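Results of the structural survey
Single-letter residue listing:
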Amino acid sequence: MKILSIETSCDETAVAIIECNGGFENPSFKILGNSLLSQIEIHKEYGGVFPSLAKREHAKNLVPLLENTLKQSSLYLEARPPSKISDEKIKEIEKILEKESGLFEKLKELLLKIEIPNVDTVAVTYGPGLEPALWVGLNFAKALSIAWNKPLTPVNHMEGHIFSVLMREKKEFLISNPPAERAGFQFPMISLLISGGHTELVLIKDWLDYEIIGQTRDDAVGEAFDKVARMLGLPYPGGPEISKLAEETRNKNYENKWSLPRPMISTDGFDFSFSGLKTSVLYKIKKLPEITDEIKKEIAREFEDAVVDVLISKTKKALQKYNAKTLIIGGGVVANKQIRQEFTKLADKQNIKLMLPENSLSTDNAVMIGIAGYFRFISNKKTRNPLELRAEGNLRL
Ligand code: KG4
Ligand code: ZN
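Residues numbered from 1 in each chain as written. Chains lettered and ligands numbered in written order. Predicted model: local features only at pLDDT ≥ 70, side-chain atom pairs only at ≥ 80, totals over all residues. Heavy atoms only, no water.

1. Some remarks on the pairing of strand 8 (residues 209-215)
Where strand 7 (residues 199-206) meets strand 8, six bridges bridge the pair, whose relative direction is antiparallel. Residue pairing for strand 8: L203 is matched across the bridge by E211. Counting the residues between successive antiparallel strands, the hairpin from strand 7 to strand 8 contains two residues, one of them, L208, with a positive phi of roughly 65°. (Pairing = 2+ DSSP bridges. Helix = DSSP H or I, 4+ residues; strand = E, 2+ residues; numbered from the N terminus.)

Next up, the structure:
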């Protein structure tokens, strides 16, 4: 089956079409089309994501991205004569999109221009994330679902990050050709989710069956990276900047002069806390007459090491406690090279099957929403009318 997926939870507008087969037993995926527009340059001057601006940009980008994705997938077929969509449906779509500036007019033009594409469902992120941003994608998906008479499949963004590990972008098909079991998956699994808004340890008992066993009590890891970067005068998003600087010290003889704390590293349980670590950086740099480039590199390195130590320690304990042999790491922060390296070492040592997303699928994208949408769609757990669905900024797994 083919899934059209839409992601607008933060500052990336993304649309994808993927072909999915094999069900839970032997899932395989192929990307037919994948388009993404990042708003990073626009938000940079605010030092973070500005929700109403993100909303406006999503509304501007969605139709061109959809058009592009349909073309990549060879599902863009011009309609001659123009497609007929009943006045009633057009009115309904106009109402749904009334708060999304300019989106209705652009979408209507496209809908009349093309044949209904051969997709089986429209999957969309409905949370967690920035609510104004989520609403645009959700309303857009509802409008498509009505216009084309396709079922709507709501997706939890974090579940998307979990499933992002299943895709290998360069190869046509994914991992689980051979089947999941033979590829080394074993329940229960542990998933560490690390992004700009989340830091969670999740016990995956079975497909789609989750228990959050630990989470951050204050800042998320990505947020801490971004805030420390700002203190060091580095641009948004700070994660890649810190990581670049830290790397520059890794091949050198480095004397650690900074010794930052490893918050909650030896507490029982699996919760995290990163705000103390961030504040500790602040106190240290406040005392300095000048933050030289060399100091920035050293602090970046020590900060990254502190984060890695805490993440590794808690995850190791979780794997042991639940006797899990598979570890999935997802979320934008997993783009971090040091985190990848240290977890790879841990997995080798402990004989754990480690699943990481490809770099291009670590940060937000619509491919992962399509994969999660596939599993949700085939699991048939319909609870309510999807057209009544609301964006949920604080949605949990
Ligand atoms: O998953 P994501 O794209 O968006 C959210 O759902 O939050 O994650 C974005 C976060 C940002 O905080 C960004 O600084 C961080 O991921 N990030 C990194 C790296 N690349 C992105 N953090 C550390 N090292 C990186 N290389
Ligand atoms: Zn994300």
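2. Re the coordination of the zinc ion (ligand 2)
Within the protein, H157 (NE2), H161 (NE2) and D364 (OD) serve as the donor atoms for the zinc ion (ligand 2), at 2.1 to 2.2 Å. The motif formed by the donor residues of the zinc ion (ligand 2), counted along the single chain, is H-x3-H-x202-D. Pair noted here: H157 is in helix 6 (residues 157-163) and D364 is in the loop between strand 10 (353-355) and helix 12 (367-379), with a separation of 207 residues, a long-range link. Classification of H157 by relative accessible area gives buried; the value is 6%. (Donors = N, O, S within 2.8 Å, 3.2 Å for Na, K, Ca; no water. Buried < 20%, exposed > 50% of the residue type's maximum accessible area, 1.4 Å probe, protein only.)

3. Notes on the packing of aromatic side chains
The description of an aromatic ring pair uses the distance of the two centres, along with the angle that the planes make with each other. This structure, assessed with the given rule, holds 13 aromatic pairs. Consider the rings of W207 and F375, whose centres lie 5.1 Å apart with planes at 20°: the pair is stacked. Of this pair, W207 sits in the loop between strand 7 and strand 8 while F375 sits in helix 12, and the two are 168 residues apart along the sequence. Across the pair, F375 and W207 agree in class, each one buried. One aromatic cluster is present, formed by F24, F29, F163, F187, W207, Y374 and F375 through successive ring pairs. The ring of Y76 has K71 lying over it, and the distance from NZ or CZ to the ring centre is 4.7 Å. (Phe/Tyr/Trp six-rings, centres within 6.5 Å; stacked < 30°, edge-to-face > 60°. Lys NZ or Arg CZ within 6 Å of the ring centre and 35° of its normal.)

4. Describing the site of ligand 1
Looking at ligand 1, there are 19 residues lining it, with G196, D226, G332, N336 and D364 nearest. Here an oxygen atom of ligand 1 and a backbone polar atom of G197 are 3.5 Å apart. Interatomic distance of 3.1 Å between a backbone N/O atom of G239 and an oxygen atom of ligand 1. Judged by its atoms lying within 2 Å of the grid points, ligand 1 is housed in the largest pocket. Elements supplying a minimum of two residues to the shell around ligand 1: helix 6, helix 7 (221-231) and helix 8 (238-250). Of the residues that constitute the shell around ligand 1, the class distribution is five nonpolar, 12 polar and two charged. In terms of domain composition, the shell around ligand 1 takes at least three residues from each of domain 1 (2-167 + 362-388) and domain 2 (179-356). (Near = heavy atom within 4 Å. Polar contact = N/O pair within 3.5 Å; in protein donor to acceptor, adjacent residues only side chain to side chain. 1 Å grid on protein atoms, 1.4 Å probe; cavity = no way out; pocket = protein on both sides within 12 Å on 5 of 7 lines; lining within 4 Å. Sits in = over half its atoms within 2 Å of the grid points. Nonpolar A, V, L, I, M, F, W, Y, C, P; charged D, E, K, R; others polar. Domains from an automatic or database assignment.)

5. Considerations on empty space enclosed by the protein
Under the criterion given, the structure shown has one cavity of 30 Å³ or more. Here the largest cavity defines a volume of roughly 80 Å³. What lines the largest cavity is a set of 13 residues, and nearest its centre among them are I162, F163, I204, W207 and I328. Contributing elements (two or more residues each) for the lining of the largest cavity: helix 6 and strand 7. For the lining of the largest cavity, the per-class residue count stands at 12 nonpolar, no polar and one charged. (Points joined across faces, edges and corners; volume = space filled by probe spheres on them.)

6. Section: helix 2 (residues 51-72)
Because an α-helix completes one turn every 3.6 residues, residues spaced three or four positions apart along the sequence face the same direction. End to end, helix 2 covers 30 Å across 22 residues, agreeing with the expected 32 Å (1.5 Å per residue, within 8%). At N61, helix 2 shows its largest bend, some 35°, and a proline, P64, comes one to four positions later. Following helix 2 by one or two positions, S74 has its phi on the positive side, about 55°. (Expected span 1.5 Å × (residues − 1). Bend = angle between axes of the 7 residues up to and from the residue.)

7. Quick notes on the domain arrangement of the protein chain
One can read the domain layout of the protein chain as domain 1 (2-167 + 362-388) and domain 2 (179-356). A straight line from the C-alpha centre of domain 1 to that of domain 2 covers 30 Å. Between domain 1 and domain 2, the residue contacts involve 24 residues of the former and 25 residues of the latter. Summed over both partners, the interface of domain 1 with domain 2 buries about 2,000 Å², with 72% contributed by carbon and sulfur atoms. Where domain 1 meets domain 2, there are zero salt bridges. At the surface where domain 1 touches domain 2, the tally comes to five residue pairs in polar contact (both at pLDDT 80 or more). Take the side of domain 1 that touches domain 2: its biggest share by element is five residues, from helix 6. (Contact = heavy atoms within 4.5 Å. Buried area = accessible area lost by both parts, 1.4 Å probe. Salt bridge = Lys/Arg side-chain N within 4 Å of Asp/Glu carboxyl O.)

8. Things to note about the sheet that holds strand 1 (residues 2-7)
Across the sheet, five strands lie side by side as 3-2-1-4-5; this open sheet has mixed pairing. This sheet does not close on itself; its edge strands, each paired only once, are strand 3 (28-38) and strand 5 (152-156). When strand polarity is set aside, the average angle formed by the axes of neighbouring strands in this sheet is 20°. Of the strand pairs in this sheet, strand 1 and strand 4 (residues 121-127) are connected by four bridges, and their pairing is parallel. Bridge pairing in strand 4 links I6 to V124. Contacts from helix 2 reach strand 1, strand 2 (12-21) and strand 3 within the one sheet, and its direction differs from that of strand 2 by about 30°. (Axes fitted to C-alpha atoms, helices over the stretch in contact; angles between N-to-C directions.)

9. Some details on the layout of surface pockets
Volume-wise, the largest pocket comes out at about 1,200 Å³. Going through the elements one at a time, helix 6, strand 7, helix 7 and helix 8 are the ones with two or more residues in the lining of the largest pocket. With six residues, helix 7 is the largest single contributor of residues to the lining of the largest pocket. For the lining of the largest pocket, the class distribution of residues is 14 nonpolar, 21 polar and 11 charged. For the lining of the largest pocket, the two domains that each supply at least three residues are domain 1 (2-167 + 362-388) and domain 2 (179-356).

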